[in-house]
Amino acid sequence: MGFNQILKETRESKNLSLSQLAEKVGVTKQALHGYEKGFLTPRPIVLVEIAKALEVSTDYLLGMEQ
């Protein structure tokens, strides 16, 4: 499973909408949608903010831990 799928599943498991997570992270809803669809890649600092907002590690989001 890739980053985009893990991101979407984790966001949904936390019952957050795209808009809610985008606001927490400080990115646009469109950018977050792009990350989830796999046609955009977040900068490292944005990846860290996504992990914080979802209360998971960056390794988890990147599929490096189970």
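Cut-off values and rules
Residues numbered from 1 in each chain as written. Predicted model: local features only at pLDDT ≥ 70, side-chain atom pairs only at ≥ 80, totals over all residues. Heavy atoms only, no water. Helix = DSSP H or I, 4+ residues; strand = E, 2+ residues; numbered from the N terminus. Buried < 20%, exposed > 50% of the residue type's maximum accessible area, 1.4 Å probe, protein only. Contact = heavy atoms within 4.5 Å. Axes fitted to C-alpha atoms, helices over the stretch in contact; angles between N-to-C directions. Parallel < 35°, antiparallel > 145°, perpendicular 65-115°, else oblique. Nonpolar A, V, L, I, M, F, W, Y, C, P; charged D, E, K, R; others polar.

The next subject is the environment of Arg11. On the secondary structure map, Arg11 appears in helix H1 (residues 3–13). Classification of Arg11 as buried rests on a relative accessible area of 8%. It is 9.5 Å that separates the C-alpha atoms of Arg11 and Ile50, two residues lying 39 residues apart in sequence. Residues within four places of Arg11 in sequence aside, it is in contact with Leu16, Ser17, Leu18, Leu21, Glu36 and Leu54.

The geometry of a pair of packed helices is captured by two quantities: the angle between their axes and the separation between those axes. In the contact formed by helix H2 (residues 18–25) and helix H3 (residues 29–37), the axes pass within 8 Å of each other and the chain directions differ by 105°. When the interaxial angle is binned, H2 and H3 end up roughly perpendicular. The segment H2 lies against H3, with Leu18, Ser19, Leu21 and Ala22 engaging Lys29, Leu32, His33 and Glu36. Taken together, the residues that form the contact of H2 with H3 break down as four nonpolar, two polar and two charged.

On to H3. Among all positions of H3, only Ala31, Leu32, Gly34, Tyr35 and Glu36 are buried. Buried residues along H3 sit in contact with H1, H2 and helix H4 (44–54). Immediately downstream of H3, the backbone of Gly38 shows phi near 90°, a positive value.

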